[in-house]
Structure formats: C-alpha cells, structure tokens
Amino acid sequence: MKRIFFRKGKKVFLRPVFKKDVPNFLVWFNDPEVTQWLSLTFPINEKEEEEWVENLQKRKPNDFVLMIETKDRKALGTIGLHKIFWQHRIAEIGIAIGEKKYWSKGYGTEATMLLLDYAFNTLDLRKVGLSVLDNNGRAYKCYSKCGFKVIGRRKEQFYKNGKHLDEIIMEVFKKDWQLIFKRKP
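Residues numbered from 1 in each chain as written. Predicted model: local features only at pLDDT ≥ 70, side-chain atom pairs only at ≥ 80, totals over all residues. Heavy atoms only, no water.

Description of the overall build of the protein
For the protein, the helix and strand inventory stands at six helices and eight strands. Traced from its N-terminal end to its C-terminal end, the protein shows the element sequence β-β-α-α-α-β-β-β-α-β-α-β-β-α. On C-alpha atoms alone, the protein measures out to a radius of gyration of 16 Å, which is about the 16 Å that the 2.2 N^0.38 rule sets for 185 residues. Across the 185 residues that make up the protein, the buried fraction comes to 47%. For the protein, restricting intrachain contacts to residue pairs at least 6 apart in sequence, the fraction spanning at least 24 positions comes to 60%. Accessible surface, the protein: about 10,600 Å² in total, of which carbon and sulfur atoms supply 53%. The average position of the 37 basic charges and that of the 23 acidic charges among the side chains of the protein differ by 8 Å. (Helix = DSSP H or I, 4+ residues; strand = E, 2+ residues; numbered from the N terminus. Rg over C-alpha atoms; globule rule 2.2 N^0.38 Å. Buried < 20%, exposed > 50% of the residue type's maximum accessible area, 1.4 Å probe, protein only. Contact = heavy atoms within 4.5 Å. Areas by Shrake-Rupley, 256 points an atom, 1.4 Å probe, with all protein chains shown as cover. Lys, Arg positive; Asp, Glu negative; His and termini not counted. Charge placed at Lys NZ, Arg CZ, Asp CG, Glu CD.)

What follows is the structure, given as structure tokens:
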C-alpha cells in the first residue's frame with residue numbers, strides 16, 4: 001500500500017490519524033508510565049477513542065492532530081497544533097510518544113521540528129507555546145533543543161502520583177526557531 005504522510009523527516013513521518021490507530025491509543029493512554037507526563041486523569045475506552053478520532057475533522061482549522069510513525073511504519077505517538085488563533089498567528093503544540101522504547105532517541109525532537117516547520121513556514125504562525133510538567137526532564141530537553149524558552153511557571157498546578165507538580169510554560173517565536181532550524185543538518 002502506498003504510504004500516506006503529511007510531513008517526512010529522516011527518522012519519522014507525520015500522517016493523519018486513522019480509525020486503525022485506536023488500539024494504539026487505548027494502550028498508550030491507559031498506561032500510567034505514559035500518562036504521568038500528560039494531563040489525562042481517567043482511563044479511556046474504545047468507544048471514547050473512536051468518537052475522538054471521528055471528531056478530529058470537526059476541530060479544524062483551529063486544532064489538528066497527526067500520528068508520528070517510523071520509516072518502517074511503526075506508530076509511536078501523536079503530535080498536534082491546538083488553539084490556533086489565526087488573527088494573532090499563535091498556537092500551542094502537544095506531543096505524546098506512547099511507545100516507550102522510542103523515548104530519548106530523538107523521535108519526538110524531529111517530530112516537533114517537522115510540525116514547527118509547518119506551523120511557521122506554511123501556516124505563517126509567529127509563535128508557538130506549550131506547557132510541560134516540571135518532572136518531565138526528557139520533554140523539557142526536547143523542547144529546549146527545538147528553541148522553546150521558559151516564560152513562566154504555575155506552581156503546584158497538577159496532582160500526579162501523590163505529588164503536586166509545577167507546570168512550566170514555554171514558547172518559541174518563528175524568528176528564533178529559524179536560527180535553530182537553519183543549523184540542523
């Protein structure tokens with residue numbers, strides 16, 4: 001079958017989300033090791049995920065999600081642009097790598113750079129923001145490599161695994177990201 005993809009990198013492809021992805025979501029987003037880094041609180045079921053996939057189309061043009069796949073078509077996780085405010089040319093990014101064996105190997109960084117390339121050079125957004133829990137050093141390192149800078153902190157914003165965690169707020173401007181993107185081999 002011919003490969004369907006939206007953006008192509010050296011290690012990953014970004015493609016639309018399909019109904020066939022629901023089994024992956026059920027595994028990833030019910031796994032406490034994965035969800036400890038996300039704002040998800042409750043378990044999800046197949047019906048909820050199927051409805052979520054079916055409703056993705058309705059959320060455009062202000063919100064969209066893509067699958068992250070390896071070259072050998074292994075689905076790793078999701079990435080998306082959310083809360084796109086066209087008038088102000090800003091958005092938020094969210095990413096979740098559900099396949100744990102791919103953590104800390106550059107897949108998330110490349111997927112983030114691919115989506116930022118689309119956000120800045122195709123959609124002409126001027127700024128993209130995100131938030132990360134203060135105990136998620138791996139994600140913080142990824143975002144920093146992609147040009148994101150810390151602009152604030154919400155103290156004890158989330159409660160996970162018996163602890164209150166700070167939410168770190170980060171953003172990257174197009175002009176700053178372009179300097180990093182040009183240095184990438």
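Alright, that's what it looks like, and here's the rest.
Considerations on the pattern of salt bridges
A complete count under the given rule lists 17 salt bridges for this structure. Note that Arg154 is salt-bridged to Glu167, the shortest N-O span being 3.0 Å. Within this pair, whereas Arg154 is found in strand E7 (residues 149–160), its partner Glu167 is found in strand E8 (residues 163–173), the two being separated by 13 residues in sequence. On the basis of relative accessible area, Arg154 is assigned to the partly exposed category, the value being 42%. Within the structure, one salt-bridge network assembled from shared partners comprises Arg3, Arg15, Asp21 and Glu69. (Salt bridge = Lys/Arg side-chain N within 4 Å of Asp/Glu carboxyl O.)

As for the pairing of strand E2 (residues 12–16)
A large share of E2 lies buried, amounting to four of its five residues. In textbook terms, the turn of a hairpin is the stretch between consecutive antiparallel strands, and for strand E1 (residues 7–8) and E2 this stretch comprises three residues. Examined bridge by bridge, E2 and strand E3 (residues 64–70) share five bridges and lie antiparallel to one another. Across the sheet, the residue bridging to Val12 is Thr70, located in E3. (Pairing = 2+ DSSP bridges.)

Details of the layout of surface pockets
For the second largest pocket, the calculated volume is near 300 Å³. Those elements that place two or more of their residues in the lining of the second largest pocket are helix H3 (46–59) and E3. Here the element with the most residues in the lining of the second largest pocket is H3; it accounts for four residues. Partitioned by chemical class, the residues of the lining of the second largest pocket number 12 nonpolar, one polar and two charged. (1 Å grid on protein atoms, 1.4 Å probe; cavity = no way out; pocket = protein on both sides within 12 Å on 5 of 7 lines; lining within 4 Å. Points joined across faces, edges and corners; volume = space filled by probe spheres on them. Nonpolar A, V, L, I, M, F, W, Y, C, P; charged D, E, K, R; others polar.)

Thoughts on the nonpolar core
Formed by 54 residues in total, the largest nonpolar core has its most connected members in Leu81 and Phe148. Counting residues per element, this core draws most heavily on helix H4 (residues 107–121), which supplies nine residues. When sequence neighbours within four positions are dropped, the list of residues in contact with Leu81 reads Asn62, Asp63, Phe64, Ala91, Glu92, Ile93, Leu115, Ala119, Leu123 and Leu125. (Core = buried A, V, L, I, M, F, W, Y, C linked by side-chain atoms within 4.5 Å.)

Considering the pairing of strand E6 (residues 127–133)
In terms of burial, E6 is a largely internal element, six of the seven residues being buried. Where strand E5 (residues 90–97) and E6 come together, three bridges link them in parallel fashion. If you follow Ala91 over to E6, its bridge partner there is Val128. Where the polypeptide runs from E5 across H4 and back to E6, its parallel neighbour, the crossover connection is right-handed. Bridge count for E6 against E8 is seven bridges, and the pairing is antiparallel. Bridge pairing in E8 places Leu130 opposite Met170. (Right-handed = clockwise from strand over helix to strand, strands pointing away.)

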